Amino acid sequence: MTDKQMEVILNLVADKFSACKNMEEVKKAIEEVRTMAKKEKQE
């Protein structure tokens, strides 16, 4: 993975968390990020 790819991924994750207003939304965001990570590995 290049530095640029890593930067893009971290920015996506940061954007997801910045939209969260409480722990429930944070938990949901974590699940969505993990789901995306699993999909990436399968390809």
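Preceding block: the structure.
Positions within a chain are numbered from 1, following the residues in the order the chain's sequence is written. In keeping with the model being predicted, local features are shown solely for residues with a pLDDT of at least 70 and side-chain atom pairs are shown and tallied solely at 80 or more, while totals for entire chains, interfaces and linings include all residues. Side-chain descriptors were evaluated using all non-hydrogen atoms of the structure, hydrogens and water having been removed beforehand.

Chemist: Teacher, can you tell me more about the pattern of salt bridges here?
Modeler: Where charged atoms from two side chains of opposite charge come close, those side chains can pair. Here, a salt bridge means any side-chain nitrogen of Lys or Arg that lies within 4 Å of a carboxyl oxygen of Asp or Glu. Following the criterion strictly, the structure yields 4 salt bridges and no others. Between Lys4 and Glu7 there is a salt bridge, and its shortest N-O distance comes to 4.0 Å. Taken as a pair, Lys4 and Glu7 lie in helix 1 (residues 3-18) at a separation of 3 residues, close to a single helical turn. Looking at Glu7, the relative accessible area reads 42%, which means it is partly exposed. The salt bridge involving Lys16 is made with Glu32; its shortest N-O contact spans 2.5 Å. One end of the pair, Lys16, is in helix 1; the other, Glu32, is in helix 2 (residues 23-42), and 16 residues separate them in sequence. For each residue, the accessible area found with a 1.4 Å probe, counting protein chains only, is set against the maximum for its type, and the residue is called buried under 20%, exposed over 50%, and partly exposed in between. For Lys16, a relative accessible area of 27% corresponds to the partly exposed category. On the basis of relative accessible area, Glu32 is assigned to the partly exposed category, the value being 31%. Each of Lys16, Lys28 and Glu32 takes part in salt bridges that share partners, so that together they form one network. Secondary structure counts use DSSP, requiring at least four H or I residues in a row for a helix and at least two E residues in a row for a strand, with both numbered from the N terminus.

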